[in-house]
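Next come the chains, spelled out residue by residue.
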Amino acid sequence: MFDVWGTGMAMTDKKMRFDPADPIMQKTLPDKGGYARLTYEDFYALAARPAFSISAGGSVANSLRDLGKMGLKCVFAGKIGGDDEGRFFEKSLQKCGVVSALSVETEERSGICLVLVHEDGEKTVCAKARAAKKLREEDINFGLLRQSRAVFVEGYLFEQNPPLVKKIVSAAKSGGCKLYLTLADKSCVRESKVLWREVLPDCDVLFGNGAEYSALDFDENMLPQLCVKTKGSDGCEIWNGKMWRAFSARQDVKVVNTNGAGDAFAAGFIKGLADGCGVDHCVYYGNAASARVLESELSCL
């Protein structure tokens, strides 16, 4: 029996320091702090350069790696290419104790996400999903899913493969699994609002930040019983029934990095749920997990 079965975009994150003199990086400046689009030629020229940090990424994969370190039994389903990035992604999961249920698109490149870190701490993201967005129903081992106490699905998958999302949600419901969803990105939420309306009634816990919840643009009565809205240094808000309750962030944290803090918070919160804790203790675990990311130096992420 697994504690959490998760799925989403299998992306290898490469973090680089932004060089204002670099002609390719200069092209991302209009989108500083957001998502920048580059041609394939520019993207892969940049991806070939040295990175100060490389890790298995993707929202749910990030959370599962943290959960694995916390001792929970987790499994991740996704699709990688037959290349070094894909092999690295799988090893990175396994190193954290996460069982790999990855499928391989041998003739395709693995998904890569470049994170350009500016001197002021702001981050600009560029990505090419490639094999990651080709995850199909036949790639999913639904037997492993049904052997799990909870199913965790990433919002990016809502945009890439709506029928697969419906199939996973149905399997989780019929298998008696808890269903956790993460909104993942406000643009994905906007593009997939019809699907979100359809699956939210089956959701047990919904994770996201303020911008992502705003993109839902739903009446709050449509929200699941338990929702987590992360607010960075302002803490979080928890919807538990019919109202939002505010929780402060830890005041003893010296913030030097925010990349991945929301995914870490989700992991800590889920750990609390797995331990049978109430909301207050789940938030405590979430804050503790995100603090480790917030305080981590960029050079050793």
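Preceding this paragraph is the structure being described.
Quick caveat, the model's predicted, so the values are computed rather than measured.

> How do you make sense of the layout of surface pockets when you look at a structure like this?
Size it by volume and the second largest pocket reaches roughly 240 Å³. Lining of the second largest pocket is provided by 13 residues; of these, Ala150, Lys178, Tyr180, Leu273 and Ala274 occupy positions nearest its centre. Of all the elements in the fold, those that place two or more residues in the lining of the second largest pocket are strand E1 (2-7), strand E10 (148-154), strand E11 (178-182) and helix H11 (261-274). No other element matches the 3 residues that H11 contributes to the lining of the second largest pocket.

> Sorry if this is basic, but what is going on with the packing of aromatic side chains here?
When we look at a pair of aromatic rings, we describe it by the centre distance and by the angle of the planes. Using the criterion set out here, one finds 11 aromatic pairs in the structure. Relative to Phe269, the ring of Phe265 has its centre 6.4 Å away and its plane inclined at 25°; by these criteria the two rings are stacked. Taken together, the residues span about one helical turn, with Phe265 and Phe269 both in helix H11 at a distance of 4 residues. Using a relative accessible area of 5% as the deciding quantity, one classes Phe265 as buried. Ring plane angle 65° and centroid distance 6.0 Å describe the contact between Tyr284 and Tyr285, whose orientation is recorded as edge-to-face. The exposure class of Tyr284 is exposed, given its relative accessible area of 56%. Ring pairing ties together the aromatic residues Phe152, Tyr180, Phe207, Phe265 and Phe269, which thus form one cluster. The ring of Tyr40 carries the charged tip of Lys128 above its face, separated from the ring centre by 4.6 Å.

> Can you walk me through the sheet that holds strand E6 (residues 98-100) in this structure?
Note on sheets: strands pair through backbone hydrogen bonds, and any given pair is parallel or antiparallel. With mixed pairing, 9 strands are arranged side by side in an open sheet as E6-E4-E1-E10-E11-E12-E13-E14-E15. The sheet is open, and its two edges are formed by E6 and strand E15 (244-247), each paired on a single side. Geometrically, the sheet is characterised by an average inter-axis angle of 20° between neighbouring strands, direction not taken into account. Sheet topology note: the strand E13 (residues 226-230)/strand E14 (residues 236-240) ladder contains 5 bridges and is antiparallel. Across the sheet, Leu226 pairs through a bridge with Asn240, a residue of E14. Helix-sheet contacts for helix H7 (residues 162-174) involve E1, E10 and E11, and the interaxial angle to E10 is about 160°.

> What should I look at first to understand the side chain of Thr7 in this one?
Examined against the element boundaries, Thr7 turns out to sit in strand E1. Since its relative accessible area comes to 0%, Thr7 is described here as buried. Among the polar contacts made by the side chain of Thr7, one reaches the main-chain carbonyl oxygen of Ala77 at a distance of 2.8 Å. When residues no more than four places from it in sequence are discounted, the contact partners of Thr7 are Val60, Phe76, Ala77, Leu135, Phe152, Val153, Glu154, Leu157 and Ile168.

> Please clarify how the nonpolar core should be interpreted in this entry.
Soluble, globular proteins show a tendency: their nonpolar side chains are buried together. Among the nonpolar cores identified, the biggest contains 39 residues, and Trp5, Val151, Ile168, Leu181, Trp196, Leu206 and Leu216 are the most heavily contacted of them. Examining the composition of this core, we find that 6 residues originate from one element, H7, more than from any other. Within the second largest apolar cluster, 34 residues are counted, among which are Ala10, Ile80, Phe247 and Ile270.

> So what exactly am I meant to see when it comes to the sheet that holds strand E2 (residues 11-17) here?
Here we have 4 strands laid out as an open sheet, ordered E3-E2-E8-E9, and mixed in their pairing. Two strands close off the open sheet at either side, each with one partner strand: strand E3 (53-57) and strand E9 (123-128). For this sheet, the mean inter-axis angle between neighbouring strands, taken without regard to orientation, is 20°. Inspection of the sheet shows strand E8 (residues 111-117) paired to E9 by 6 bridges, in the antiparallel sense. By the bridge assignment, Leu116 is partnered in E9 with Thr124. Most of the contacts of helix H4 (residues 84-95) go to E3, to which it runs at about 75°, and overall it touches E2, E3 and E8.

> When you look at the packing of helix H3 (residues 59-69) against H11 in this model, what are you seeing that I'm missing?
Angle between the axes and distance between the axes: these two values describe a pair of packed helices. Interhelical geometry of H3 versus H11 gives an angle of 50° and a closest axis separation of 8 Å. Judged by the inter-axis angle, H3 sits oblique to H11. The handedness of the crossing between H3 and H11 comes out as right-handed. Packed against H3, whose contacting residues are Ser59, Asn62, Ser63, Asp66 and Leu67, the element H11 presents Asp263, Ala264, Ala266, Ala267, Ile270 and Lys271 at the interface.

So, how was this worked out
- Throughout, residues of each chain are indexed from 1 in the direction in which the sequence is written.
- Only residues with pLDDT of at least 70 get local features here, since the model is predicted, and only at 80 or more are side-chain atom pairs given and counted; chain-wide, interface and lining totals rely on the full set of residues.
- Side-chain measures were taken over the full set of non-hydrogen atoms in the model, leaving aside hydrogen atoms and water.
- Only protein atoms enter the 1 Å grid, on which a cavity is a set of points fitting a 1.4 Å probe that cannot get out and a pocket is an open set with protein on both sides within 12 Å along at least 5 of 7 lines, lining residues being those with an atom within 4 Å of a point.
- Grid points are joined across faces, edges and corners, and a volume is the space filled by probe spheres set on the points.
- Numbering goes from the N terminus for both helices and strands, where a helix is a DSSP run of H or I of at least four residues and a strand is a run of E of at least two.
- Planes of paired rings set the category: under 30 degrees apart is stacked, over 60 is edge-to-face and the rest tilted, where pairs are Phe, Tyr or Trp rings (Trp by its six-membered ring) whose centres lie within 6.5 Å.
- The classification of residues rests on relative accessible area computed with a 1.4 Å probe and restricted to protein chains. Under 20% of the type maximum is buried, over 50% is exposed, and intermediate values are partly exposed.
- By the criterion adopted, a ring carries a charge over it if an Arg CZ or a Lys NZ lies within 6 Å of its centre and within 35 degrees of its normal.
- Here, strands pair whenever DSSP counts at least two bridges between them.
- In this analysis, axes come from line fits to C-alpha atoms, helices being fitted only over the stretch in contact, and the angle between any two N-to-C directions falls in the range 0 to 180 degrees.
- Two residues qualify as a contact provided that any one of their heavy atoms is within 4.5 Å of a heavy atom in the partner residue.
- Contacts described as polar in this section are N or O atom pairs within 3.5 Å, which, within protein, must combine one atom able to donate a hydrogen with one able to accept it, while residues neighboring in sequence count only if both atoms come from side chains.
- Among buried residues, the Ala, Val, Leu, Ile, Met, Phe, Trp, Tyr and Cys ones that are joined through side-chain atoms within 4.5 Å form a nonpolar core.
- Between 65 and 115 degrees an angle is taken as roughly perpendicular, under 35 as roughly parallel, over 145 as roughly antiparallel, and anywhere else as oblique.
- Take the far helix as your reference; a near helix turned counterclockwise from it by less than a right angle gives a left-handed crossing, and one turned clockwise gives a right-handed crossing.

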